[in-house]
Amino acid sequence: MNNNFLLEFLYKEYTSLMNDSQLSGLIKNIAVSCRKISNLLDKGNLNNIFGKYNKINVQGEMQAKLDVIANDIIVDENNCIGSLAGLASEEMEDFYRIPDDYKTGDYLLLFDPLDGSSNIDVNISVGTIFSILRINRKINNNKEIIINDFLQPGINQIAAGYAIYGPQTSIVISLGKGVHSFTLDKNINEWILDNKLMNIPNCTNEFSINSSNSRHWDENIYNYVQDCLIGTDGPLRKNYNMRWTGSMVADVHRIMTRGGIFLYPWDSRNPSIPGKLRLMYEANPMAFLVEQAGGIASNGNKRILEIIPEKLHQRTSVILGSSDEVNILLRSYINTY
Ligand code: P6P
């Protein structure tokens, strides 16, 4: 596997990357991991990999076999390349310390190995979401890594991205100077650049939310969605379309490509937690990409990227997408606070 085209493009866009073998090696191996996961998914259940792993993960969710397989692919592909001080995953309760006999590096990889995995058995797009942080050696003093090394706000991300396993397999990634999209050509095993700089349109008429939860939403979300449904007769003065795939990567990729607003807000089902989605390896990487593409990503009262994490698996409310549309909703929160 080459990954030459992907890295060659990134070297041109981010000249410092050529002198950072740890980061370039990590990005290369993340791409290799995603290709391996894609090849596995291509075969569907022919190798009997669908179904449940019969273990409840730290999220309180029944793990799919593929959640564990994808997690292990990413760990095994990246733990020995000398780029990482540690890894953290939606599927692992504690962070993963690089084994003593492996060379360690300065980066931390946080990831959701198979986002939307409940969709696998019904052949709907799923994805891998990843976030790259750098360990702060001034604080860590070259000691053993501890959980606090991971608990950095999203603004500290060095890079973030996702792979989407759909009709095509694509990687969408940013190292801080815009968002770039590559599609995997399996004939030559190369990621081919298909969008040099992704840009989210400021305006949209497409909202994305699981409307079955409407009776549990707060007033601002409820009123906003009602206004969308009223269409041209209502205060938003336009008709809307709705999409909800149950796979954050698929919904966000649609928004990165044609605009939209994605909502997974707090709701009264679990009033003590701010939302369903996880901050460190779902909301933060997606917020990084959305902002880099000109959109907005908020938890309702602040930038997601400015949330100071307290726990590795903490959750957050997510409102992201086309800036003008997100601001319509955020204004209602400002009026509330
Ligand atoms: P619901 C998948 O489990 C996920 O974490 C996201 O990918 C997705 O946006 C959301 O949960 C779907 O949640 O409650 O609609 O099934």
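Residues numbered from 1 in each chain as written. Predicted model: local features only at pLDDT ≥ 70, side-chain atom pairs only at ≥ 80, totals over all residues. Heavy atoms only, no water.

Trainee: Would you mind going over the site of the ligand with me for this structure?
Mentor: The local shell around the ligand holds 13 residues, among which Asp115, Asn210, Met248, Tyr264 and Lys276 are the closest. At a separation of 2.8 Å, an oxygen atom of the ligand approaches a polar side-chain atom of Asn210. Lys276 has a polar side-chain atom sitting 3.0 Å from an oxygen atom of the ligand. Isolated, the ligand exposes 400 Å² of accessible area, and the fraction of that covered by the protein chains is 82%. Breaking the shell around the ligand down by element, the ones donating at least two residues are β13 (261-264) and β14 (277-278). Looking at the shell around the ligand residue by residue, the class counts come to five nonpolar, four polar and four charged. (Near = heavy atom within 4 Å. Polar contact = N/O pair within 3.5 Å; in protein donor to acceptor, adjacent residues only side chain to side chain. Areas by Shrake-Rupley, 256 points an atom, 1.4 Å probe, with all protein chains shown as cover. Helix = DSSP H or I, 4+ residues; strand = E, 2+ residues; numbered from the N terminus. Nonpolar A, V, L, I, M, F, W, Y, C, P; charged D, E, K, R; others polar.)

Trainee: Would you take a moment to explain the environment of Thr204 for this structure?
Mentor: For Thr204, the location among the structural elements is in the loop between β10 (190-195) and β11 (206-208). Linking Thr204 and Leu263, residues 59 residues apart in sequence, is a C-alpha distance of 14 Å. Apart from residues no more than four positions distant in its own chain, Thr204 is found in contact with Lys238, Tyr240, Gly259, Gly260, Ile261, Ser322 and Glu325. A polar contact of 3.0 Å, which involves the side chain of Thr204, links it to the backbone nitrogen of Glu206. (Contact = heavy atoms within 4.5 Å.)

Trainee: Can you walk me through the packing of aromatic side chains in this structure?
Mentor: The description of two aromatic rings rests on the distance between their centres and on the angle between their planes. What the rule picks out here adds up to five aromatic pairs. Geometrically, the ring pair formed by Phe9 and Phe182 is edge-to-face, given 5.6 Å between the ring centres and 75° between the ring planes. Remark: Phe182 occurs in strand β9 (residues 180-185) and Phe9 occurs in helix α1 (residues 4-13); sequence separation between them is 173 residues. As far as burial versus exposure is concerned, Phe9 and Phe182 are alike and both buried. Aromatic side chains Trp244 and Tyr264 sit 5.8 Å apart centroid to centroid with 55° between the ring planes, which places their arrangement in the tilted category. Highlighted residues: Trp244 in the loop between β12 (241-242) and α7 (248-258) and Tyr264 in strand β13, separated in sequence by 20 residues. For Tyr264, a relative accessible area of 9% gives the class buried. By way of ring pairs, the aromatic residues Trp244, Phe262 and Tyr264 are connected into one cluster. (Phe/Tyr/Trp six-rings, centres within 6.5 Å; stacked < 30°, edge-to-face > 60°. Buried < 20%, exposed > 50% of the residue type's maximum accessible area, 1.4 Å probe, protein only.)

Trainee: Explain the sheet that holds β12 here, please?
Mentor: Note: strands within a sheet are paired through backbone hydrogen bonds, in either parallel or antiparallel orientation. The strand order β12-β11-β13-β17-β15 describes an open sheet built from five strands, whose pairing is mixed. The open sheet has two edge strands with one neighbour each: β12 and β15 (296-298). In the sheet, β15 pairs with strand β17 (residues 318-321) via three bridges, with the strands oriented antiparallel. Bridge pairing links Ala297 to Leu320 in β17. Contacting β15 and β17, helix α8 (residues 279-292) runs over the sheet at an angle of about 25° to β17. (Pairing = 2+ DSSP bridges. Axes fitted to C-alpha atoms, helices over the stretch in contact; angles between N-to-C directions.)

Trainee: Quick question: what am I supposed to make of the pattern of salt bridges here?
Mentor: One side chain can pair with another of opposite charge once the charged atoms of both are near each other. Across all of its chains, the model carries 14 salt bridges by this definition. Among the ionic pairs, Asp106 bridges to Arg137, the shortest N-O distance being 3.3 Å. Of the two residues, Asp106 is situated in the loop between β4 (96-97) and β5 (107-115) and Arg137 in helix α4 (residues 137-140); the sequence distance between them amounts to 31 residues. Relative accessible area serves as the criterion here: at 31%, Asp106 is assigned to the partly exposed category. A relative accessible area of 26% places Arg137 in the partly exposed class. Its salt-bridge partner being Arg254, residue Glu206 comes within 3.5 Å of it at the nearest N-O pair. In this pair, Glu206 is assigned in strand β11 and Arg254 in helix α7, connecting sequence segments 48 residues apart. Overall, Glu206 belongs to the buried group, its relative accessible area being 8%. Look at Arg254 and you get buried, because its relative accessible area is 12%. (Salt bridge = Lys/Arg side-chain N within 4 Å of Asp/Glu carboxyl O.)

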